[in-house]
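Fold and geometry: a report
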Amino acid sequence: MSNNWTIRLGKNVLATQKKSIESNFVRIIHNEFIPKGDCINNYSLQQIIDIEAWCNSLPRKILAYHTPDDIFERELDQIYQAA
C-alpha cells in the first residue's frame, strides 16, 4: 500500500513541477511579448515564430541548463549516427 501512495505522490509532484514551468513560460510570454487579453490573431506568423525561437533558446534547469534547441539537435545527431 505504501508503494502505491509513493507512486501517486511522485506523479503529483512531477505534475506540479510541470505546471509551474508552464506557468512561468506563460507569464514570461505575457510580460514580454503578448499582453494578457490580447488576441494572438493580432500578431504575424513571423512574430509568433520569433517568440517560439526565443522560448526554445532559453536554458532550462530541468534540461541541466541546456536549451531545448541544443537537446533537439543532440537527439537528431544520435538518430543520424545510428542510421
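Just above sits the structure.
Reference entry: report on the structure contained in this document. (Residues numbered from 1 in each chain as written. Predicted model: local features only at pLDDT ≥ 70, side-chain atom pairs only at ≥ 80, totals over all residues. Heavy atoms only, no water.)

1. Focus: the overall build of the protein chain
- What the protein chain contains, in helices and strands, is 3 helices and 0 strands.
- Expressed as a percentage of the 83 residues in the protein chain, the buried residues total 10%.
- Element-wise, carbon and sulfur atoms account for 58% of the exposed surface of the protein chain, whose accessible area totals about 7100 Å². (Helix = DSSP H or I, 4+ residues; strand = E, 2+ residues; numbered from the N terminus. Buried < 20%, exposed > 50% of the residue type's maximum accessible area, 1.4 Å probe, protein only. Areas by Shrake-Rupley, 256 points an atom, 1.4 Å probe, with all protein chains shown as cover.)

2. Observations concerning the nonpolar core
- Of all hydrophobic cores here, the largest spans 5 residues; its members are Phe25, Ile34, Tyr43, Ile51 and Cys55.
- Look past the residues within four positions of Tyr43 in its chain and what remains in contact with it is Phe33, Ile34, Pro35, Asp38 and Ile48. (Core = buried A, V, L, I, M, F, W, Y, C linked by side-chain atoms within 4.5 Å. Contact = heavy atoms within 4.5 Å.)

3. Observations concerning a negative patch on the surface
- Together, Glu52, Asp69, Asp70, Glu73 and Asp77 line one region of the surface with negative charge.
- Among the elements that make up the negative patch, the one with the highest residue count is helix H3 (residues 68–82) (4 residues).
- With respect to the element layout, Asp69 can be found in helix H3. (Patch = residues over 30% accessible without salt bridge, like charges linked within 9 Å, V, L, I, M, F, W, Y side chains within 5 Å. Salt bridge = Lys/Arg side-chain N within 4 Å of Asp/Glu carboxyl O. Lys, Arg positive; Asp, Glu negative; His and termini not counted. Charge placed at Lys NZ, Arg CZ, Asp CG, Glu CD.)

4. Brief notes about the side chain of Thr67
- Mapped onto the elements of the fold, Thr67 is located in the loop between helix H2 (45–56) and H3.
- Not counting residues up to four positions away in its chain, the partners in contact with Thr67 are Asn56, Ser57, Leu58 and Pro59.

5. Overview of the environment of Phe25
- Relative to the helices and strands, Phe25 is located in helix H1 (residues 2–32).
- Residue Phe25 is classed as buried on the basis of its relative accessible area, which comes to 16%.
- Between the C-alpha atom of Phe25 and that of Cys55, which follows or precedes it by 30 residues, the distance is 8.0 Å.
- Apart from the residues lying within four places of it in its own chain, the contact partners of Phe25 are Cys55, Leu58 and Arg60.

6. Considering the packing of aromatic side chains
- Under the counting rule described, the total for this entry stands at 1 aromatic pair.
- Seen from their ring centres, Phe33 and Trp54 are 5.2 Å apart, and the 65° between their planes marks the pair as edge-to-face. Separated by 21 residues along the polypeptide, Phe33 in the loop between H1 and H2 and Trp54 in helix H2 bring together distant segments of the chain.
- A relative accessible area of 28% places Phe33 in the partly exposed class. (Phe/Tyr/Trp six-rings, centres within 6.5 Å; stacked < 30°, edge-to-face > 60°.)

7. Considering unusual backbone geometry
- Positive phi, normally seen in glycine, also occurs at Ala64, with a value near 55°.
- Along the chain, Ala64 falls in the loop between H2 and H3.
- Judged by relative accessible area, which is 53%, Ala64 ranks as exposed.
- In this structure, Tyr65 takes a positive phi of about 65° despite not being glycine.
- Note that Tyr65 resides in the loop between H2 and H3.

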